[in-house]
Amino acid sequence: MSSRPPDHHTIIVGAGFTGIGTAILLDRAGLADHLIIEAGAEPGGTWYWNTYPGVAVDIPSFSYQFSFEQSTRWSRTYAKGAELKAYAEHCVDKYRLRDRIRFDTAVTGAEYDDEQALWRVHTDTGTVIARFLVNGSGVLTVPKPPDIPGVDEFAGVTLHTARWDHDVDLTGKRVAIIGTGASAVQVIPEIAAKVQQLTVFQRTPIWCFPKFDLPLPAPARWAMRVPGAKMLQRLASQAYVELTFPLSAQYYTVFPLADRAAELGRAYLRREVHDPVIRDKLTPQYAVGCKRPGFHNSYLSTYNRDNVALVTEPIERVTPTGVCTADGERHEVDVLILATGFKVMDVDSVPTFPVTGAGGQSLGEFWSTHRLQAYEGVSIPGFPNFFTVMGPYGYVGSSYFALIEAQGHHVVRCLQRAEQLGAHRVEVSAQANDRYFAEMMRKRHRQVFWQDSCAQANSYYFDQNGDVPLRPATTVEAYWRSRRFDLADYRFSAE
Ligand SMILES: Cc1cc2nc3c(=O)[nH]c(=O)nc-3n(C[C@H](O)[C@H](O)[C@H](O)COP(=O)(O)OP(=O)(O)OC[C@H]3O[C@@H](n4cnc5c(N)ncnc54)[C@H](O)[C@@H]3O)c2cc1C
């Protein structure tokens, strides 16, 4: 191979909040020679690609933002997608990242050059070389089409929630939606009043809870400028988020909050859904937390509408004119909406591009052989100079911003130490990785996921081995460990 010097110290793949946050932390550490490569035309990631009606965050905006860039301008307690996209743009401009993002460029693969201790990052417009590579390509990134015969033969309009086409007017149309996950919970109430008929095809019902979604008028926004107010607001919001997922799901055997949540969920269903048969169909048979719940104030009551039908019979096939179910019923429709989510825990979609490490080893193969694993959710032995912000056993389930900041700090600590030592090669030791994986296995019995009922949940948290690569820890512990992990777990070398 040629001995071309690196074009950049670090390449980051993806200009979602992971890419943006990591770049800001690198700048702050004096490691400003980085390039972000982004497939989309604009920053924002999730909030650039997902623009379906009703798209919004599911945790309070006070927690869904960087700790170092807390906005006092949120228009609601739970921001809508467009506002989150604007927040991403704001961060990119304020922290002067725009010139260091290469938009409309997809990374197609990355190979580690052992001899030169460099990454060759291949894109659809050429190869870029960097000493270090950070994966910020997201986990809810690659839309998953349903595995249903005939879906490509539908002659009407087909939309995926993650790639909404705003030129399609649903007014007066017969619409079918396949899937009732978190995106469907947001889109269904938004379009129901517009369409002539909405048929919802449900495989597994979702736990849905009310959302304290309130407008924040000017006086409330102004009040947040009072010294200490922003901090109090954030603390309250973080505590709420911690209760609703990390504590209840990761510490289920210690705090059985999920059981109480199920009671609340059932009471909410009784209040919202009038027809007992429909209510029954909407009642999940698995513990709260086995899969991502929905939060919405009018999802459940939408099923009281005369023009909305809930179908729970399995889909047999899609025909050019509609959907056929196993009971022989034909549902004729004009528009088919796929709310079928993303390829999540697949070894070939996280990252979204093939990664080849030292000795020609493929990351996908490593994970297929050894199960999904990464030291502190960041580094994998045999993949020097490579870091992944949303790696296996990194995420505790609270705000992604907490994850991005913790993992970003981990990466920065490694790169700063490499600078101090003049090291070109940074690699986590296999022993440290094994120790971390063993710790995850030892602690996971506390998680809610091992309830028998989770087998009914059809949850994307489970990978092909039946593992749930979420970190059995609290947000505070993950934060603490990112600042305290032993740098001796890495080998730093000059060659
Ligand atoms: C509808 C929806 C709602 C959500 N709501 C919440 C919520 O309420 N709370 C929460 O904490 N999280 C939520 N999430 C999760 C959300 O994905 C994260 O909060 C966060 O936005 C992830 O940021 P990211 O930068 O890691 O990934 P993303 O936002 O997915 O960004 C990844 C970027 O990488 C780019 N990319 C991917 N592959 C390549 C490639 N090969 N080459 C170049 N570029 C590439 C993509 O184009 C994308 O811009 C939600 C996700 C979705 C889809």
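The model shown is predicted, which means the values in this text are computed figures rather than measured ones.

Colleague: How do you make sense of the packing of helix α10 (residues 400–421) against helix α12 (residues 475–484) when you look at a structure like this?
Modeller: When two helices pack together, their arrangement is given by the angle between their axes and by how far apart the axes lie. The N-to-C vectors of α10 and α12 enclose an angle of 15°; their axes lie 8 Å apart at closest approach. The angle between the axes of α10 and α12 places the two elements in the roughly parallel class. The two elements α10 and α12 cross, and the hand of that crossing is left-handed. The residues of α12 that touch α10, namely those facing A402, A406, Q407, H409 and H410, are T475, A478, Y479, S482 and R483. Per-class residue counts for the contact of α10 with α12 are four nonpolar, five polar and one charged.

Colleague: Teacher, can you tell me more about the sheet that holds strand β9 (residues 197–201) here?
Modeller: Strands in a sheet are paired, the pairing made by backbone hydrogen bonds, and the direction either parallel or antiparallel. Read from one edge to the other, the open sheet built from five strands follows the order β7-β16-β8-β9-β12, with strand pairing classed as parallel. Edge positions in the sheet fall to β7 (157–160) and β12 (308–311), since each has one partner strand and no second. Between one strand and the next, the sheet's axes are offset by a mean angle of 20°, whatever the strand orientation.

Colleague: Explanation requested: the site of the ligand in the structure shown.
Modeller: The environment of the ligand is formed by 33 residues, the closest being G14, G16, G45, G138 and Y400. Taken together, the residues of the shell around the ligand break down into 16 nonpolar, 15 polar and two charged.

Colleague: Mind showing me how you'd approach helix α4 (residues 182–191) here?
Modeller: Three- or four-residue spacings in an α-helix give side chains the same orientation, since the helix completes a turn every 3.6 residues. The buried fraction of α4 is high, at nine of 10 residues. Turning to α4, its buried residues are A182, S183, A184, V185, Q186, V187, I188, P189 and I191. Close packing links the buried residues of α4 with β8 (174–178), β9, β10 (208–209) and β11 (294–295).

Colleague: Teacher, can you tell me more about the pairing of β9 here?
Modeller: Side chains on a regular strand alternate between the two faces of the sheet. Extensive coverage of β9 is indicated by the burial of four of its five residues. In this structure, β8 lies alongside β9, joined through five bridges in parallel fashion. Paired with A176 across the bridge in β9 is T199. What joins β8 to β9 is α4, and the crossover it makes is right-handed. Note: β9 against β12, four bridges, orientation parallel. In the sheet register, V200 faces β12, and the bridge partner there is L310.

Colleague: Just to check I follow, could you spell out the domain arrangement of the protein chain for this structure?
Modeller: When the parts come together, some accessible area is lost, and that loss is often what is quoted as the size of the interface. One can read the domain layout of the protein chain as domain 1 (8–142 + 344–493) and domain 2 (151–212 + 239–338). Taking only C-alpha atoms, the centre of domain 1 and the centre of domain 2 are 29 Å apart. Taken together, the contacts link 35 residues of domain 1 with 36 residues of domain 2.

Colleague: Looking at this model, I keep getting lost on the sheet that holds strand β15 (residues 330–332). Mind explaining?
Modeller: Read from one edge to the other, the open sheet built from three strands follows the order β13-β14-β15, with strand pairing classed as antiparallel. With one partner strand each, in any of the chains shown, β13 (315–319) and β15 form the two edges of the open sheet. On average, each strand axis in the sheet is tilted by 20° relative to the strand beside it, whichever way the strands run. Relative to strand β14 (residues 322–325), β13 runs antiparallel, the two sharing four bridges. Within β14, the position partnered with T319 by the bridge is G322.

Colleague: Just checking my understanding: could you explain the environment of D306 for this structure?
Modeller: Mapped onto the elements of the fold, D306 is located in the loop between β11 and β12. The exposed category is assigned to D306, around which 6 C-beta atoms lie within 10 Å. Along the backbone, D306 and K291 are 15 residues apart, and their C-alpha atoms lie at a distance of 29 Å.

Colleague: What's the story with the nonpolar core in this structure? I'm lost.
Modeller: One broad rule of soluble globular proteins: the nonpolar side chains tend to lie buried together. Grouped together as the largest cluster of nonpolar side chains are 137 residues, with contacts concentrated most on I11, V175 and I177. If one sorts the elements of this core by residue count, α10 sits on top with nine residues. Among the domains, domain 1 (8–142 + 344–493) and domain 2 (151–212 + 239–338) are the pair contributing at least three residues each to this core. Ignoring anything within four residues of it in the chain, the contact list for I11 reads H34, L35, I37, W119, V121, V128, A130 and L133.

Reading the values: rules and limits
Just so you know, the residues in each chain are numbered from 1, in the order the chain's sequence is written. Local features in a predicted model are, by the rule used here, given only for residues with pLDDT of at least 70; side-chain atom pairs are given and counted only at 80 or more, and totals for whole chains, interfaces and linings are based on all residues. Whenever a helix is involved, its axis is fitted only over the stretch in contact; in every case the axis is a line through C-alpha atoms, and angles between N-to-C directions fall within 0 to 180 degrees. Only DSSP runs of H or I reaching four residues or more are called helices, and only runs of E reaching two or more are called strands; each is numbered from the N terminus. Orientation categories follow fixed angle ranges, with anything under 35 degrees roughly parallel, anything over 145 roughly antiparallel, 65 to 115 roughly perpendicular, and all other angles oblique. Left-handed describes a crossing in which the near helix is turned anticlockwise from the far one by less than a right angle; the clockwise case is right-handed. The contact rule is simple: place each C-beta atom from the backbone, and if two of them lie within 7 Å, those residues are in contact. Residues were grouped as follows: Ala, Val, Leu, Ile, Met, Phe, Trp, Tyr, Cys and Pro as nonpolar; Asp, Glu, Lys and Arg as charged; and all remaining residues, including Gly, as polar. Two strands qualify as a pair provided that DSSP identifies no fewer than 2 bridges between them. The rule is simple: place the C-beta atom from the backbone, and if it lies within 6 Å of a molecule or strand, the residue is near it. In this scheme the burial state of a residue depends on its C-beta neighbours within 10 Å: 20 or more other such atoms mean buried, 12 or fewer mean exposed, and anything in between means partly exposed; the C-beta positions come from the backbone. The crossover handedness rule: strands pointing away from the viewer, path from first strand over the helix to second strand clockwise, crossover right-handed. Domain ranges listed in this record stem from an automatic or a database domain assignment. Note on terminology: a nonpolar core is a set of buried residues of type Ala, Val, Leu, Ile, Met, Phe, Trp, Tyr or Cys, with members joined through C-beta atoms within 7 Å.

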